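# Structure at a glance
What follows is each chain in one-letter form.
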Amino acid sequence: MSAANEQASRFDPGFAREFYALENGEYAKLCMQCGLCAVTCASREFMDLPPRKLFKLVQAGDKEAVLQSQTPWLCTSCMTCTVRCPRGIPIIDVMHGLKYFLIQQGSKAPVALMSKIFAENMLRRGRVFELALTNSFFLKAYGPVGAIPIALKMRSVGQPMLLKGRLPLKPPKKIKGLDQVHKIVKKATEVMKREGHQDGV
């Protein structure tokens with residue numbers, strides 16, 4: 001297969017239709033590529049693609065690039081992009097729908113795994129145990145052999161945090177009312193399942 005054919009086979013003409021069928025996915029059609037979402041986004045430095053580029057890839061049918069993107073997972077839902085968008089696109093809602101789609105598609109983006117581990121960690125005590133969070137993430141994402149070189153590479157960050165008590169070795173106490181948090185999550189999961197999200201995501 002020639003390089004041109006390989007490049008062409010990367011694009012799936014049906015992907016845009018699949019995306020637009022997602023909850024709020026159709027709003028992506030309205031994007032006029034002005035770039036205001038990218039300029040105003042507080043997480044733009046960490047995103048691999050600004051929302052407008054993500055929408056352009058959807059229109060082009062580059063499903064693989066969209067599936068690998070970390071952008072939806074880094075959206076903090078601060079609403080700035082939605083408020084500033086001259087076309088009134090509810091970008092946050094589109095991102096939430098996209099996250100659901102990526103979960104369904106088995107996204108392998110490391111930041112997707114981090115989101116899952118973060119939620120599990122937080123639900124245990126009502127607050128995050130950072131040391132367990134980072135250990136779980138690196139072990140699951142890279143395996144024991146791959147995690148060790150990364151941990152060594154990041155020791156300039158980890159050691160000062162340990163010494164300053166910013167990365168406690170002991171887990172934090174459970175918050176009061178943790179059972180209420182679990183009830184909220186359970187109720188939200190039931191609502192999502194009732195609305196057709198089979199796994200409650």
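Residues numbered from 1 in each chain as written. Predicted model: local features only at pLDDT ≥ 70, side-chain atom pairs only at ≥ 80, totals over all residues. Heavy atoms only, no water.

### Comments concerning the overall build of the protein chain
Inclusion rule: Helix numbers and strand numbers start at the N terminus; a helix is a DSSP run of H or I with at least 4 residues, a strand a run of E with at least 2. Think of it in three bands: with a 1.4 Å probe and only protein chains considered, a residue is buried below 20% of the maximum accessible area for its type, exposed above 50%, and partly exposed in between.
Secondary structure assignment for the protein chain yields twelve helices and zero strands. Walking the protein chain from its N terminus toward its C terminus, one meets helices and strands in the order α-α-α-α-α-α-α-α-α-α-α-α. The principal-axis extent of the C-alpha atoms belonging to the protein chain is close to 50 × 45 × 30 Å. Within the protein chain, buried positions represent 33% of all 201 residues.

### Regarding helix H9 (residues 110-125)
Applied cut-off: Multiplying 1.5 Å by the helix residue count minus one yields the expected span of that helix. Note on contacts: a residue pair is in contact if any heavy atoms of the two residues lie within 4.5 Å.
The terminal C-alpha atoms of H9, which comprises 16 residues, lie 24 Å apart, in line with the 22 Å expected from a rise of 1.5 Å per residue. Buried within H9 are the following residues: Val111, Ala112, Ile117, Asn121 and Arg125. Residues of H9 that are buried in the fold lie against helix H6 (71-74), helix H10 (130-153) and helix H12 (178-194). With its phi angle positive at about 85°, Gly126 sits one or two positions after the end of H9.

### Structural notes on the side chain of Ser69
Along the chain, the position of Ser69 falls in the loop between helix H5 (63-68) and H6. For Ser69, a relative accessible area of 0% corresponds to the buried category. The contacts of Ser69, once residues within four sequence positions are left out, are Asp48, Leu49, Leu54 and Ala109.

### With respect to the pattern of salt bridges
In plain terms, the rule: Throughout this description, the term salt bridge denotes a Lys or Arg side-chain nitrogen within 4 Å of a carboxyl oxygen of Asp or Glu.
In the structure shown here, the tally under the stated rule is three salt bridges. Close ionic contact of Lys63 with Glu18 constitutes a salt bridge, the shortest N to O distance being 3.4 Å. Of this pair, Lys63 sits in helix H5 while Glu18 sits in helix H2 (residues 15-20), placing them 45 residues apart in sequence. With relative accessibility at 18%, the residue Lys63 sits in the buried group. The exposure class of Glu18 is partly exposed, given its relative accessible area of 30%. The residue Glu26 makes a salt bridge to Lys29 at a minimum N-O spacing of 3.7 Å.

### Some points on the packing of aromatic side chains
Defined as follows: Between the rings of Phe, Tyr and Trp (Trp by its six-membered ring), a pair exists once the centres lie within 6.5 Å; its type follows the angle of the planes, with under 30 degrees stacked, over 60 edge-to-face, and the other angles tilted.
In the structure shown here, the tally under the stated rule is six aromatic pairs. For the pair Phe137 and Phe138, a centre-to-centre distance of 5.2 Å together with 65° between the ring planes defines the contact as edge-to-face. Side by side, Phe137 and Phe138 carry an identical accessibility label, which is buried. Taken together, the ring pairs in this structure connect Phe15, Phe19, Tyr20 and Phe101 into an aromatic cluster.

### Some thoughts on the packing of H9 against H12
So the rule is basically this: Here the axes come from fitting lines to C-alpha atoms, over the contacting stretch only for helices, and the angles between their N-to-C directions go from 0 to 180 degrees. In what follows, roughly perpendicular refers to angles from 65 to 115 degrees, roughly parallel to angles under 35, roughly antiparallel to angles over 145, and oblique to any angle outside these ranges. In the scheme used here, Gly and all other residues not listed as nonpolar or charged are polar, with Ala, Val, Leu, Ile, Met, Phe, Trp, Tyr, Cys and Pro taken as nonpolar and Asp, Glu, Lys and Arg as charged.
At a minimum axis separation of 8 Å, H9 and H12 run at an interaxial angle of 140°. The orientation of H9 with respect to H12, classified from their angle, is oblique. Judged by residue contacts, Leu123, Arg124 and Arg125 of H9 engage Leu178, Val181, His182 and Val185 from H12. Across the contact of H9 with H12, the residue classes break down as four nonpolar, one polar and two charged.

### Points about the confidence of the model for the protein chain
Keep in mind that low pLDDT regions are not for reading the predicted coordinates in detail. The following threshold applies: Each residue carries a pLDDT value, the predictor's own confidence for that position, ranging from 0 to 100.
When the pLDDT values of the protein chain are averaged, the result is 88; 93% of them are 70 or greater. Of all helices and strands in the protein chain, the one with the weakest mean pLDDT is helix H1 (residues 3-9) (63), whereas helix H7 (residues 80-84) scores best (93).

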